[in-house]
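# Structural overview
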Amino acid sequence: MIKLLNIEKSFPTRPSPTYVLRQITLDLEEGDFVTIMGPSGAGKSTLLSLLGLYDHTWEGEYWLHGQPVHSMNGKERAALNKKHVGFVFQQFHLLEDLTVGENLDIPLSYRDVRKSERQALVADTLDRFGIVAKKDLFPNQLSGGQQQLVAVARAVIAKPSLLLADEPTGNLHSDQGRAIMELFKRLNDEGTTIVQVSHSETNAAYGNRIIRLRDGWLEK
Amino acid sequence: MNDLKLAFRQLLKNKGFALVAILILGVGMAANTAVFGLVDAALYRPLGGVGKPDELVALEVPNRGATFSRDSLDVLRESKGTFQDFAGYDRGSTLLFAGNAQTRVQTEFVSGNFFTLLGVKPFLGRLLDESDRSAPLVVISHRLWRTRFDSARDIVGHKLEVNGEPFTIVGVADDGFGGMQPLAPVSAWLSCELPKPHLPDWNQKRSTRWLAVFGRMKPGVALAAARDSLLPLQSQVLEPWMLQNNGSLQATPCGRGAIPGASGQSGVRLISLFLFTVVVLVLAVACANLASLLLSRGLNRRREIAIRMALGAPRWLLIRQLLVETLLLSLMGGLGGLVLSTWGVRLATLALPKISRSYDIDLSLRYDWRIIGFTLAASLLVALVCGLIPAWRGTQVDCQAALKDETLGIGPRRRWFELRNLLIVSQVAVSVALLVGGGVMLRSLSQIQNQKFAFDYDHCVVTALWDKDAATSDAEHARMRRELLESARTLPGVTTAALGNHPPLVMGTRSTSVSDPQNGNSSEALIGVVTPGFFETLKIPVVLGRDFSVRDVGHSNDVVVVNESLAANLWPGQNPLGRSIHYDRDTDYQVIGVVRDACYWSATDTTRPGFYLCEGELTRDGGGYLIVRTAQDTRPLRGLVASLVRRADPGHEQPYVADYADFVAVGLIAQRTAAWVLGLASAIGLALVAAGLYGVLSYHIAQRTREIGIRMALGAGRGHVMRSMLWRGISLVAIGLVIGSAVGVFGASHMDKVLFKTSPADPATLLGVCVLMTGAALLACWLPARRAARVDPMVALRSE
């Protein structure tokens, strides 16, 4: 599903550039549940952004579903992102001005899904995640765990094949974190490929593969 | 998600921001809407109730006053050429006894085809036509019918007293038709062919030139062709003296606006250009202010934008959303502007001298599709101008970084600040330019008001007198004026009093050409018609010969007093006493005295040659002014004079009696208006700049709280922090001051026609502007700078 070949990312500094990722070569299969681990500054989040097609200033080859991301322009990358990628953030990043229902609707509206279809998908997702009662609440009326639950629902509502999560339980207490990880496991079981960044070995245990980074290098 | 719904929600969430933005735009838009409304009414709005207004043209010889007689109108009507027809009218005030109240109203004496040619329809009854030449019939305006006759449907056929004579109301003109000058609407129309006593002898002569004439071009005829077709006629319809000095018969479109005639329209166009320049500058400051606010707000919203981008929003969609928000603000600002513009017009009327407010001038705005369309278009433009760059910049978000770190997640942060700085500098520059313009105008006004004239109007009160009613005989009218003057002289505290038709510096001065029939010398001269005691009342010294005396009254055809300039022009180095002068009419006048020069075209002009005739035949139509001098305070005298006039002319409901200085102010209307408009605009600009500086600096400090905390934790004193913050604001103001002063001086140099003994780069004005702007800027910067200096390092660092 994902193939990275000699990916390198650096920032121009003097006297020599600072490398964040070095010669990353990696294969991820469909249905994988991968955890990227490593100390701070290892390049975990950078790699996640790169996988999510949010970053384009890198060198090397990146193939997603057999398509060469490295030779795509911004518009093509954005289209690919919309089609395949969902993202869950550590700080939830729900839009505060929108209700839970509207937050779920947003990714669909950006994908030109018809209104009637969007309403059906939002209703399904609310039901599936058990948050129907929260539909008209605003994010600041929810607990942290509930917010992250909505964030995950928002990330998967457009049925992405790849779900990326950057320390999804970093801002949650352990019970809430466990619930989110179990949700991830369930999504993975249903066929979604998941790549998460985490410091927690417990969270990593929910997946089937761990990738370790140190100073931008992939640890063998 | 619907952009509009989101935009509403954003505004509701940030009520303070929205309110400030709407207020800022509202003020800018109000000024523009008010000026547009006034300029539109003065120049472009089609005459209400008139059919095909673009076919109408006014005929005139510029600067030659009333041009046409009934004879010349007949000549025009006989050889129509490219015109369908011509009609004539004259405007005047008339005493009406209507709706149980006696009142003096504006009327038009019109030719029989006036209404037909204009295409005006009757609202009730019928309008005057060619068959109504001498019948005492009157058409009243819709407004008069509404206000004085309680909208009585059976008004047609009722009698109405016009100048004491019974007239029959034949109809009510269509709603919206207010005559040829709708800013001062007409209340009634009468035939210009009425016999005595409805029209005086003078108007009975078919050769008397008292009418304004307009024509309707045939369909499809171009204005140039219409003008050409008039040229062969001008020698038949005009006097040779009217065509002197390149005078020629002009045809000017008159179906739109309220100023028929080329000379009036060009003056109003110049004023309109000036007003629009000023209010557009105010709007530019408001736009720059709003753009600054939007840029700051964009920084606060970068996380939201980044989330939307991460969720797949294309950039154009986000730009559209931000633009819709700005558009909503702008439309609300426009709506606020429409409401505030009513007050804007009221403020504009304050610029008018008190005396002109007593006239029946209708400056109210009509909120029709023209004004609403203008406001809508201006709102759209403002939304684009204010919103596009902030929206463009606001969506230049490094999504990855913005979502990881809220304080550093913005890519081009340095450039944002540079743009905001640029906006502040431009606001300061425009405001300083307006301040310089306003300051220079005020200086000029003060120079005019403080200059030493060749006469003394301190302790003098003046009132304008009524025109002679048709029902009053010449002898009766002369007696009424004489009695009024005698009564005025006996008022407590009065030292002298006199009548004069064109007292110095009072509006309405007119000039004529005079010559000595013996030596052939000629000169242009201002003309005054006065009663004995006039020179004494205004303290104009008689330097040779004598003043008019009571024995000259009634012999007004014989004697004249000239001023020194006219004497020097006609009889250089010679004794003018006993010489004769000749003007307009057949009679020669003998010089009995020479007075000091006190003839002014305006207060900014030097004195001109002039002469005075003794009141008699020439003022039998009335009008002119009563001037009363007192040795005491003028306030109690004003009330006494008003009572006198009210007793003498019952139709003069509220005679306006004022100090002579107030009447002089009418002549300074251009300077006063310019100073008032510029002063108001620069005050708004100054307030906006102060608010803008405060906002930008507050935001800057909020962004740097952590840095300030670190600096203070490392030992920086409060003074150091405050100085650095103040420096930031003041340095921007200093740049704006330099640019704005240069622009202001350049702009003021183009106002030289209204500047009096004042340099556009007047040092005192420039210094005053610098002090004012720096003071306002210091105040605006001091508050946030003080807040910065009070930052608690531990709290600031913990909050991050």
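What you are looking at is a predicted structure, and each value in this text was computed from that prediction instead of being measured.

### Quick notes on the overall build of chain B
Scanning chain B for helices and strands turns up 25 helices and 21 strands. Counting the 800 residues in chain B, one finds 47% classified as buried. Taking the contacts inside chain B whose residues are at least 6 apart along the sequence as the reference set, 83% of them involve residues at least 24 apart.

### Some details on the overall build of chain A
Across its full length, chain A holds 7 helices and 10 strands. Expected size for 220 residues packed as a compact globule is a radius of gyration near 17 Å; at 18 Å, chain A falls within 12% of this value. Seen through its principal axes, chain A has C-alpha atoms that stretch 55 × 40 × 35 Å. Looking at chain A as a whole, 45% of its 220 residues are labelled buried.

### Brief notes about the interface of chain B and chain A
Taken together, the contact between chain B and chain A spans 16 residues of the former and 19 residues of the latter. Those elements giving two or more residues to the side of chain B that touches chain A turn out to be helix 1 (3-13), helix 10 (302-310) and helix 14 (399-404) of chain B. For the side of chain B that touches chain A, the element with the highest residue contribution is helix 14 of chain B, accounting for 4 residues. Within the side of chain B that touches chain A, the residues separate by chemical class into 9 nonpolar, 3 polar and 4 charged.

### What about unusual backbone geometry?
Where the residue is not glycine, phi is negative for most of them; where a peptide bond is considered, it is trans in most cases. Residues and elements named next belong to chain A. Omega for the bond connecting Arg 14 with Pro 15 falls within 30 degrees of zero, at 5 degrees, which places this linkage in the cis form. Tracing the chain through its elements places Pro 15 in the loop between strand 1 (2-11) and strand 2 (18-28). Residues other than glycine seldom take positive phi values, yet Phe 92 does so here, at roughly 65 degrees. Mapping Phe 92 onto the fold places it in the loop between strand 6 (85-88) and helix 3 (100-109).

### Some words on helix 3 (residues 70-78) of chain B
Among the residues of helix 3 of chain B, Ser 72, Leu 73 and Leu 76 of chain B are the ones counted as buried. Down the axis of helix 3 of chain B, the buried set is contained in an arc of 105 degrees. They therefore lie on one face.

### As for the pairing of strand 14 (residues 522-530) of chain B
Residues and elements named next belong to chain B. Counting buried residues in strand 14 gives 7 out of 9 residues, a clear majority hidden from the surface. Sheet topology places strand 14 next to strand 19 (residues 610-614); 5 bridges connect them, and they run parallel. By the bridge assignment for strand 19, Leu 526 is matched with Gly 610.

### Things to note about the environment of Ala 475 of chain B
All names here are of chain B. Among the secondary structure elements, Ala 475 is positioned in helix 16 (residues 474-489). By the C-beta count within 10 Å, which is 9 here, Ala 475 ends up exposed. Distance in space between the C-alpha atoms of Ala 475 and Arg 787 is 81 Å, their sequence separation being 312 residues.

### Examining the environment of Leu 199 of chain B
Relative to the helices and strands, Leu 199 of chain B is located in the loop between strand 8 (188-191) and helix 6 (201-204). The spacing of Leu 199 of chain B and Phe 109 of chain B is 90 residues in sequence and 9.6 Å in space, taken between C-alpha atoms.

### Some details on the confidence of the model for chain B
Residue and element names in this part refer to chain B. Model confidence for chain B is summarised by a mean pLDDT of 82, while 88% of its residues fall at 70 or above. Per-residue pLDDT stays below 50 along residues 406-416; that stretch engages in 20 contacts with residues further than four places along the chain or on separate chains. Model confidence for the complex: the whole-complex pTM is 0.73, and ipTM, which rates the interface, is 0.75.

### Some details on the pairing of strand 6 of chain A
All names here are of chain A. Side chains Val 85 and Phe 87 project from strand 6 onto one buried face, and the interleaved Gly 86 and Val 88 project onto a second face that is buried too. Two strands pair when backbone bridges link them, and strand 6 and strand 7 (residues 162-166) are joined in this way by 4 bridges, in the parallel orientation. Bridging across to strand 7, Val 88 finds its partner in Ala 165.

### Regarding the packing of helix 5 (residues 144-156) of chain A against helix 6 (residues 174-189) of chain A
Residues and elements named next belong to chain A. Two elements in contact, helix 5 and helix 6, have axes whose closest approach is 9 Å; the angle formed by their N-to-C orientations is 20 degrees. Taken together, the axes of helix 5 and helix 6 lie roughly parallel to each other. Like other packed secondary-structure pairs, helix 5 and helix 6 cross with a definite hand, here right-handed. Facing Gly 144, Gly 145, Gln 148, Val 152 and Val 156 of helix 5, the residues of helix 6 in contact are Gln 176, Ala 179, Ile 180, Leu 183 and Leu 187. Considered class by class, the residues forming the contact of helix 5 with helix 6 number 6 nonpolar, 4 polar and no charged.

### Section: the packing of helix 23 (residues 718-749) of chain B against helix 24 (residues 763-789) of chain B
Residues and elements named next belong to chain B. Contact geometry for helix 23 and helix 24: axes closest at 9 Å, N-to-C directions at 150 degrees. Accordingly, the angle class assigned to the pair helix 23 and helix 24 is roughly antiparallel. Along this stretch, helix 23 crosses helix 24, giving a crossing that reads as right-handed. Split by residue class, the contact of helix 23 with helix 24 holds 19 nonpolar, 3 polar and 2 charged.

The rules behind each value
- Residues numbered from 1 in each chain as written.
- Chains lettered and ligands numbered in written order.
- Predicted model: local features only at pLDDT ≥ 70, side-chain atom pairs only at ≥ 80, totals over all residues.
- Helix = DSSP H or I, 4+ residues; strand = E, 2+ residues; numbered from the N terminus.
- Buried ≥ 20, exposed ≤ 12 C-beta atoms within 10 Å, placed from the backbone.
- Contact = placed C-beta atoms within 7 Å.
- Rg over C-alpha atoms; globule rule 2.2 N^0.38 Å.
- Nonpolar A, V, L, I, M, F, W, Y, C, P; charged D, E, K, R; others polar.
- Arc of directions from axis to C-beta.
- Pairing = 2+ DSSP bridges.
- pLDDT = per-residue confidence, 0-100.
- Axes fitted to C-alpha atoms, helices over the stretch in contact; angles between N-to-C directions.
- Parallel < 35°, antiparallel > 145°, perpendicular 65-115°, else oblique.
- Left-handed = near helix turned anticlockwise from the far one by under 90°.

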